[in-house]
Each structure stands twice: as C-alpha cells, then as structure tokens.
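Fold and contact review
One-letter residues, chain by chain:
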Amino acid sequence: MTTLKAVRGTRDLLPAETGLWNRIEATARSVFERYNFGEIRTPVFEDTALFSRGVGEETDIVSKEMYTWEDRARAQSEKTQQLTLRPENTAGVVRAYIEHKLGETGQLQKLYYIGPQFRRERPQKGRYRQFSQIGAEVIGPVSAGSESPLRDAEVLEMLSTLLDELGISGWTLKINSVGSASDRPKYIETLKAALAPIVSQMCVDCQRRAVTNPLRVLDCKVPEDQPFIDALPRIADSLDEDSKAHFAAVCAALDAASVPYTRDHRLVRGLDYYTRTTFEFTHGGLGAQNALLGGGRYDGLSELIGGPKAPGIGFAMGEDRLVLTLQAVEAAKAELADAYIAPLGEAQNAAALELARELRRSQPDRPGLRIELGDGSFRLKKSFEAADKVARTIVMLGEDEAKSGILTVKDFASGVQSKVARVELAAFLLSSRNKY
Ligand code: HAM
C-alpha cells in the first residue's frame, strides 16, 4: 500500500517549531492590544462570490489559485452553493463588518486575525498552499475618521514596532499610492495606450496581462522586460489632488514618527480592492519570496460586496515567512561570539586576556561564554568593525574601566550601549544571548 503523506504545499508543524510560532503570535497579540485592536475569527470557507467580487475576477488569486467546490444541498431548505477556502482574510472581515452592522456603532473597528489561508500556488520555500497570516484591519464610517491618512501611518508605525519586538531588523518598507477608484481607470487607460506599441516585445505573461489586467505588468520580474516597464507612465502622475494630498500626509506622518520607507512606483499589489496607499515590507533573508507582509487601503471594498461606504486599511503578514526569517536570525546569532573584548591600548592586553579567561570558563551556575579577544594595538574603529563581524557585543576595556571595574558594552543588534559592573558581565552577556 502506498504511504499517505501531507498534501503538496501543506506541512506539519512539530513541537520543535511550534514554540516559535506561539511566541510570534503572543508578541503580535500583545502589540495589537496596545494599539487597541480586538480579535476577529471568521470562517475558513466562504461563498465564492465574496472573493470574486471582493478580490477581483482578474487577479491571479481568483482566476487560478482558489480551492473552490460545489457544496451540494443536503435538504430541500438548502441550496447548492459554490464555496471557497479563504485565500485571504480581508474580504471575510469586511463581510462580517457588514453582516454584524458594526458600522452602526459609529466607531472605527480595529480588528486582527491569525489563521490559515489557502492558495493553489507553486510551492517553494516561503510559499505554501496552506499558510498562516497575521493581519489587522481598521474600518469604519467616514465620520469616524476611517479615511484619514493618520490611520495609514499608524498602521505602518504599528508594523515597524511589531517587527522590532519580534526581533526582525533589516526590513524595507515600500509604499505607493494607487489612487482613488476614479484615478485607477484613468491610469489603466494611459497604461494600455503606452503598452500597445511595445507589448509584443515583452514576455507572454505581460502580453496577456496587458489585455486582462494591465496593472499587473508592473509586477513582472522578467529581466528583459524591466527597461520597458521602467519607461511606462507612473501612477503618481494620474492621481487627483485629494489622493496626492492623502499620500503626502501619510509620508509626513511617517517622517514625524521616524519610520523609514521608500516610494516604489511599481507597487500596485495583486488584489483589486486597493485604493490610495499600498505597501509591502520585504526582508533580504527570505530569498525569492521576500514579501514579509503586504497591505493597503480599500475604501470601496465594502460597497463592492453590497455593504455601506466603509473605508478601511489593513495588512497581512505571512506567519510562515516570519518564522523563516526568525530562524535565519537565530542561526546567524548562534554562530556569533557572545562578546568581543577590545583592549583600549596595548597596556590593557594582559587585563583583557584575564577578562576573556574569566568569561570563557564554565562556572557551576552557568556555561562558559564564547569570547573573541581583540588587540590593544587596534584603533577603536578597527575593533568595532572586527567585532561587528564575529560577535553580538563589544566590551571595551580601557584604563578607566580597569580601575573602576565598570565596563562599557555595546549590543550590535539593538545599538544600545550599557555600563556593566565586571562581576555582572557574564550574567549580562548570557541574558542578552537568550533574548528572542
Ligand atoms: P497578500 O499580499 O496577498 O495580501 O498576502 C499577504 C502576505 O501573506 C504576503 O506578503 C506573504 O507574506 C503571505 N503569503 C501570501 N501568499 C503566501 C503563500 N502562498 N505562502 C506563504 N505566505 C504567503 C493579502 O492577503 C491582503 N489580504 C492583505 C491586506 C489586508 N490588505 C489589506 N488588508
């Protein structure tokens, strides 16, 4: 008999891994609570029409990636329905917002979710057919301020906090504006006109997209097509004054909060419901599937699925990709020494060796630390450069430190510099090793 295996694109998570998943979820919940979000859980399957109308018939998700089936009626009172395993959660959240008349509270609804999503994509590292998203949506009547650019900036600022608290550094935030519902058709016409004379020289996917969904041409990754795409008109030039002002206000608020970002004119995203702000956080450690999370504003989605006007903004992070990123961070950290001891001047070399010996030796209550010893003939800059490559921290040992017994320690990941008593140094280095 053939042995049965987990279906292609799906995975078992065993106890060795679930600890990290639970830590990620606990960190996300704690950040969401501080920003006053509440949890929503919507069903894993929905009426297919929710996604075809909400996400868009022409998107890759709806046209080729959904798990859809006909659910036969079991009683006369029931009707046969087309159902779909949810490929994303925003449409479901907005359906629930409409169904439970949450808009009638007059308040903004701030909702988060954690759970499985399903897309029949070609599986590879970081891309699965069942994957988990951690997402959040801010939605409500216009009178509650749901259209305000401050909501966009707050969501982005929350994400930078969440990634910091998860211990993920080195991310890039790309943002763009795809304009209002009336800007988009204008831009699509401009794009179609610009594509017409050149598209025959582009890849077959672009030739198809130029007809079915021209915005998707901007997503093409084929190297030979890039010069054509770079020369296409930009959506920024088709935005009306309100959309331009909205985007400028989002950027100004991000600047004020010191959230770093870059504008990416090609970021149009793969779902049709977006209006105005779109964004993605990417991480270099992820390889080809480098989007950690994506999101944006969807001011017309509620109306598309039969609800009242209810502008909103939100995002979803790929939890599987967060796990991969954190595992890579952990693996890189595991190879680093706990500290690099930098004697400040050759006169401190002997004292530095003594300190290194003390830290490396195991004691009954703690294991020995992994220590790299520098050299007092190095300039401070050279010591820092050497230390940054091989250790998590640098410990500076100069004449003052030797006399006072108080050492200066800098943690490279956080950038924090601390004064630590020599007797407490081993415990300090050990606890910083075990942080996330
Ligand atoms: P999305 O860009 O389709 O947006 O997906 C968001 C994130 O889910 C991606 O950045 C990625 O990390 C993860 N993801 C997507 N597909 C897969 C896959 N096959 N395997 C693993 N991870 C995957 C949405 O889903 C929107 N609902 C986001 C949103 C919320 N926009 C507004 N509100």
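Residues numbered from 1 in each chain as written. Predicted model: local features only at pLDDT ≥ 70, side-chain atom pairs only at ≥ 80, totals over all residues. Heavy atoms only, no water.

1. Description of the sheet that holds strand β3 (residues 68-71)
Read across the sheet, three strands follow the order β2-β4-β3 without closing on themselves; strand pairing throughout is antiparallel. Strand pairing shows two members of the sheet lacking a second neighbour, β2 (45-47) and β3, which therefore form its edges. Averaged over all neighbouring strand pairs, the angle between strand axes comes to 35°, with direction disregarded. Where β3 lies against strand β4 (residues 81-85), four bridges are found, and the strand directions are antiparallel. Residue Trp69 lies in a different strand from β4, and its bridge partner there is Leu83. (Pairing = 2+ DSSP bridges. Helix = DSSP H or I, 4+ residues; strand = E, 2+ residues; numbered from the N terminus. Axes fitted to C-alpha atoms, helices over the stretch in contact; angles between N-to-C directions.)

2. Some thoughts on the domain arrangement of the protein
Segmentation of the protein into domains returns domain 1 (15-182 + 240-330) and domain 2 (337-434). On a C-alpha basis, the centroid separation for the pair domain 1 and domain 2 is 44 Å. (Domains from an automatic or database assignment.)

3. Quick look at the site of the ligand
The full set close to the ligand counts 27 residues, and Glu88, Glu121, Tyr128, Glu137 and Tyr274 are the nearest of them. Note that an oxygen atom of the ligand is positioned 2.9 Å from one of the side-chain N or O atoms of Arg119. Protein contacts shield 96% of the accessible area of the ligand, which totals 660 Å² for the unbound molecule. Those elements that place two or more of their residues in the shell around the ligand are β6 (130-139), β10 (291-297) and β11 (312-318). Counting residues per element, the shell around the ligand draws most heavily on β10, at six residues. For the shell around the ligand, the per-class residue count stands at 12 nonpolar, eight polar and seven charged. (Near = heavy atom within 4 Å. Polar contact = N/O pair within 3.5 Å; in protein donor to acceptor, adjacent residues only side chain to side chain. Areas by Shrake-Rupley, 256 points an atom, 1.4 Å probe, with all protein chains shown as cover. Nonpolar A, V, L, I, M, F, W, Y, C, P; charged D, E, K, R; others polar.)

4. Structural notes on the pattern of salt bridges
Inspection of the entire model under this criterion finds 22 salt bridges. For Lys244, the salt bridge identified is with Glu241, shortest N-O distance 3.8 Å. Pair noted here: Lys244 and Glu241 are both in helix α9 (residues 241-256), with a separation of three residues, about one helical turn. Accessibility expressed as a relative area gives 37% for Lys244, which makes it partly exposed. A network of salt bridges, in which partner residues are shared, links Arg29, Glu39 and Arg41. (Salt bridge = Lys/Arg side-chain N within 4 Å of Asp/Glu carboxyl O. Buried < 20%, exposed > 50% of the residue type's maximum accessible area, 1.4 Å probe, protein only.)

5. Observations concerning the packing of aromatic side chains
Following the criterion strictly, the structure yields eight aromatic pairs and no others. When the centroid spacing of 6.3 Å and the interplanar angle of 85° are considered together, the rings of Phe384 and Phe412 count as edge-to-face. Pair noted here: Phe384 is in helix α13 (residues 380-390) and Phe412 is in the loop between β15 (406-411) and β16 (417-421), with a separation of 28 residues, a long-range link. Phe412 sits in the partly exposed class, given a relative accessible area of 21%. Ring pairs connect the aromatic residues Phe32, Phe37, Tyr112 and Phe315, which therefore count as one cluster. The lysine or arginine in question, Arg120, covers the ring of Tyr67, its NZ or CZ lying 4.8 Å from the ring centre. (Phe/Tyr/Trp six-rings, centres within 6.5 Å; stacked < 30°, edge-to-face > 60°. Lys NZ or Arg CZ within 6 Å of the ring centre and 35° of its normal.)

6. A few points about the packing of helix α1 (residues 15-34) against helix α11 (residues 319-334)
Interhelical geometry of α1 versus α11 gives an angle of 110° and a closest axis separation of 10 Å. Taken together, α1 and α11 sit at an angle that is classed as roughly perpendicular. The two elements α1 and α11 meet at a crossing, and its hand is right-handed. Contact with α1, carried on its side by Glu17, Leu20, Trp21, Ile24 and Glu25, involves Glu319, Asp320, Leu322, Val323, Leu326 and Gln327 of α11 and no other residues of that element. Of the residues belonging to the contact of α1 with α11, the class tally is six nonpolar, one polar and four charged. (Parallel < 35°, antiparallel > 145°, perpendicular 65-115°, else oblique. Left-handed = near helix turned anticlockwise from the far one by under 90°. Contact = heavy atoms within 4.5 Å.)

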